[in-house]
Amino acid sequence: PAGSVSTPSAQTVSGKWSSISPRFSLDYRWSPQVMTYISAAKGYKGGGFNDAIQTRCYRSPLPNCGLGDYQPENLWTYEAGIRSDLFDRRVRLNITAFLTKYKDQQIQLADPGPPPLVYTVNGDSTVKGFEVEFLANPVQNLMLKASLGYVDATYDEAIRGVSGQVAVTPAIPFYRSPKWSYTLGASYKVPVGETGDLAFDLNWGWKDKQLSFPSSTNFVELPAYGLLNGRISFDAAGGWSIAVFGNNLTNKYYLTGGFDPSGPASKPVPGLTGVAHDRVFGFTMLDIGRPRELGVELSFKF
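Since this is a predicted model, take the numbers as computed values, not measurements.

Analysis parameters
Residues numbered from 1 in each chain as written. Predicted model: local features only at pLDDT ≥ 70, side-chain atom pairs only at ≥ 80, totals over all residues. Heavy atoms only, no water. Phe/Tyr/Trp six-rings, centres within 6.5 Å; stacked < 30°, edge-to-face > 60°. Buried < 20%, exposed > 50% of the residue type's maximum accessible area, 1.4 Å probe, protein only. Helix = DSSP H or I, 4+ residues; strand = E, 2+ residues; numbered from the N terminus. Core = buried A, V, L, I, M, F, W, Y, C linked by side-chain atoms within 4.5 Å. Contact = heavy atoms within 4.5 Å. Pairing = 2+ DSSP bridges. Axes fitted to C-alpha atoms, helices over the stretch in contact; angles between N-to-C directions.

Caption draft 1: A look at the packing of aromatic side chains. Enumeration over the complete set of coordinates arrives at 13 aromatic pairs. A ring pair is formed by Tyr28 and Trp30, whose centres lie 4.8 Å apart and whose planes are at 75 degrees; its orientation type is edge-to-face. On the basis of relative accessible area, Trp30 is assigned to the exposed category, the value being 59%. In this structure an aromatic cluster arises from ring pairing among Phe130, Tyr150 and Trp180.

This is the structure:
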């Protein structure tokens, strides 16, 4: 009503959390070169408090306006893998499969409200996948490297914000979780008499597309990208070294993060139906990756 005055009111909230986090593992060595293992481990992150939810609540429709807490995050992660050094230790092949079950994972949401708020809620999720690591030393002083990763991550349930509206569903892709990634690399070392070693290194790393934020009304889809890096160094026997290096040699334009709550309200919201795109915050932010960098590095060990 006209003339109303927002009067602050004192609020308090408290919480106490504790956890025992065991780890169990069993491994078996089939030969001096091959070992397999399985393991299970519990992870834990303490709970906390949302202090951005307003204490001046007379105009807010939020049912939980004021200070609030969120629960501790717990998870069980299970692994099975093989570790091997083959062909007279010239080839290393490691394979790992994993499954992680989150209970009350701490997820940051941006809620248009009104008023617009950013805070933490809890929800369950499942992350599974595998990793492969390959190293080969086909000839003296030459090392070839490669890795491959796959991740399948999903939310187990619909997650609501403090406004009571569903903000995340299992149909929304898991944020910060590229499905595929891989690396390729090679390094070669050339002894220079008794003065030291000249080393060359070239590597390429690639990540699949991923989302920048959990809320489907706010995320930016970060495109897949690959970066090429190189380094030439001389390590002297006397303890000093000099190197010339280059990062992102192809000068790739890529994004590392973003926040997109800009309209129009008719913009589709992935994973949700009947929900307008959030346009309350009124800005779009993109985090751009570092451009090509060339440099010289001089060091001395003593």
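Caption draft 2: Quick peek at the environment of Ala167. On the secondary structure map, Ala167 appears in strand β10 (residues 166-168). With relative accessibility at 18%, the residue Ala167 sits in the buried group. Between the C-alpha atoms of Ala167 and Leu109, which are 58 residues apart in sequence, the distance is 7.7 Å.

Caption draft 3: Structural detail: unusual backbone geometry. Its identity is not glycine, yet Arg89 carries a phi of approximately 65 degrees, on the positive side. As for its position among the elements, Arg89 is in the loop between β5 (73-86) and β6 (91-111). The exposed category is assigned to Arg89, whose relative accessible area is 59%. Despite not being glycine, Arg176 has its phi angle at roughly 55 degrees, a positive value. Here Arg176 lies in the loop between β10 and β11 (180-192).

Caption draft 4: Structural view of the nonpolar core. One finds Leu109 and Val168 to be the most contacted residues of the largest nonpolar core, which totals 24 residues. The leading source of residues in this core is β6, at five residues. Those residues within four positions of Leu109 in sequence are excluded, and the remaining contacts are Leu117, Val118, Tyr119, Val121, Arg160, Gly161, Ala167, Val168, Phe213 and Ser215.

Caption draft 5: Structural context of the sheet that holds strand β8 (residues 142-155). Spatial ordering of the open sheet is given by β1-β2-β5-β6-β7-β8-β11-β12-β15-β16-β19, a layout of eleven strands whose pairing is antiparallel. With partners counted over all chains shown, the strands left at the sheet margins are β1 (23-31) and β19 (293-300), one partner each. Shown here is a sheet whose adjacent strand axes are inclined to one another by a mean of 15 degrees, direction ignored.

Caption draft 6: Region of the structure containing the environment of Asp88. Among the structural elements, Asp88 can be located in the loop between β5 and β6. Placed 55 residues apart in sequence, Asp88 and Gln33 show a C-alpha to C-alpha distance of 8.9 Å.

Function cannot be inferred from these measures alone, as they are strictly geometric.
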